Amino acid sequence: MKVLLVGAGNIGKILMKELKAMRHEVSVMDHSAEVCEELAKDFDVMVFKGDMTNLDDLEELRINKFDLFIAVTGDESNNMLGCVLAKDMGVKKSIARIHDPRLAKMANKLGITNTICPEIAAAETGKGDDGEPREGEPAGLGVESADLSPEERERKPALEAQ
């Protein structure tokens, strides 16, 4: 699958490594030239400096050639807008990082396929007072899906525990 990942912070790097391990063709977009240079040097991915909310940048990237658009910057509004634009420009599926769990339902209405809410995952993983997961408890990204089948919903807890 051809994936465009926007945002190369901690979550972005984790997802990039996971997607590469699953043998997906991963490209990364970030607004910082410094971050893009670091990624190009350290990882085997295509790197683009740009703004996911800029139509010219998305067209230049040939966004319609991607199967999946993942926006995991710290700005949930831009993440949602980027996903909406990408879907409108031909991307089949999109995932947005959202801090406010109440926005997950709105994201679904906007056509965003999935949401990632690390804040929910942190609460659900039983982090201790020091912010670190308690021993023996899985860390997750809190992925919420708008289009899971009943079978996938049953498997979801097992998948998140991996």
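The shown structure was predicted, so the numbers you read here are calculated from the model rather than taken from an experiment.

Conventions adopted
For every chain, the first residue of the written sequence is number 1, and numbering continues from 1 onward in sequence order. Totals for whole chains, interfaces and linings use all residues, but because this is a predicted model, local features are given only for residues with pLDDT of at least 70 and pairs of side-chain atoms are given and counted only at 80 or more. Side-chain calculation: all heavy atoms of the structure are included, whereas hydrogens and water are not. For the purposes of this entry, the term helix denotes a DSSP run of H or I that reaches at least four residues, the term strand denotes a run of E that reaches at least two, and both are numbered from the N terminus. When a residue's accessible area, from a 1.4 Å probe over protein chains only, is under 20% of the maximum for its type it is buried; when over 50% it is exposed; and in between it is partly exposed. We call two residues contacting when some pair of their heavy atoms lies within 4.5 Å. Each accessible area is a Shrake-Rupley result for a 1.4 Å probe, and residues are judged covered by the shown protein chains and nothing else. Salt bridges, as used here, are contacts in which a Lys or Arg side-chain nitrogen is within 4 Å of a carboxyl oxygen on Asp or Glu. In this description, a nonpolar core means a group of buried Ala, Val, Leu, Ile, Met, Phe, Trp, Tyr and Cys residues linked to one another through side-chain atoms lying within 4.5 Å. When DSSP finds two or more bridges between a pair of strands, those strands are recorded as paired. With strands facing away from the observer, any crossover in which the path from the first strand over the helix to the second runs clockwise is taken as right-handed.

A. Broad picture of the overall build of the chain. If you tally the helices and strands in the chain, you get seven helices and seven strands. Taking all 162 residues of the chain together, 37% fall into the buried category. Put simply, of all contacts in the chain between residues at least 6 apart along the chain, 48% involve residues at least 24 apart. A total of about 9600 Å² of accessible surface is found on the chain, and carbon and sulfur atoms cover 49% of it.

B. A look at the pattern of salt bridges. In the structure shown here, the tally under the stated rule is four salt bridges. Note that Lys13 and Glu38 form a salt bridge whose closest N and O atoms lie 2.9 Å from each other. With a gap of 25 residues between them, Lys13 in helix α1 (residues 10–21) and Glu38 in helix α2 (residues 33–42) connect regions that are remote in the sequence. We classify Lys13 as partly exposed; its relative accessible area is 22%. Here Arg102 ties to Asp100 by a salt bridge, and the two come within 2.7 Å at their closest N and O atoms.

C. Just the environment of Val45, in detail. Within the element layout of this structure, Val45 appears in the loop between α2 and β3 (46–49). On the basis of relative accessible area, Val45 is assigned to the buried category, the value being 13%. Sequence-wise, Val45 and Met16 are 29 residues apart; in three dimensions their C-alpha atoms are separated by 8.7 Å. The contact partners of Val45, leaving out residues within four places of it in the chain, are Met16, Lys20, Val26 and Val28.

D. Focus on the environment of Val47. You can see Val47 is positioned in strand β3. Each C-alpha atom, one on Val47 and one on Val26, is 9.1 Å from the other, the two residues being 21 residues apart in sequence.

E. Up close: unusual backbone geometry. Positive phi, close to 70 degrees, is recorded for Arg23, a residue that is not glycine. Considering the arrangement of structural elements, one finds Arg23 in the loop between α1 and β2 (25–30). At Arg62, a residue that is not glycine, the phi angle is positive and equals roughly 60 degrees. Here Arg62 lies in the loop between α3 (55–60) and β4 (68–71).

F. Geometry of the nonpolar core. By size, the foremost hydrophobic cluster in this structure holds 20 residues, and its most contacted members are Leu4, Met29, Leu58, Ile63 and Phe69. Put simply, the parts of the chain that give this core at least two residues each are β1 (2–6), β4 and α4 (76–88). The element contributing the most residues to this core is α4, with four residues. Excluding residues within four positions of it along the chain, Leu4 makes contact with Ser27, Val28, Met29, Phe48, Leu61, Ile63, Phe66, Leu68, Phe69 and Ile70. Residues Val3, Leu15, Leu19 and Ile95 belong to the second largest nonpolar core, which totals 16 residues.

G. Geometry of the side chain of Asn79. Looking at the secondary structure, you find Asn79 in helix α4. With residues up to four places along the chain from it excluded, the contact list for Asn79 reads Met52, Ala71, Val72, Thr73, Ala96 and Arg97.

H. Just the side chain of Asp30, in detail. You can see Asp30 is positioned in strand β2. Asp30 has contacts with Gly7, Ala8, Val35, Cys36, Phe48, Lys49 and Gly50, leaving out every residue within four places of it along the chain.

I. Here's a closer look at the pairing of β3. Bridge count for β2 against β3 is four bridges, and the pairing is parallel. Residue pairing across strands places Val28 opposite Val47, the latter belonging to β3. Taking the sense of rotation as the criterion, the β-α-β connection linking β2, α2 and β3 turns out right-handed.

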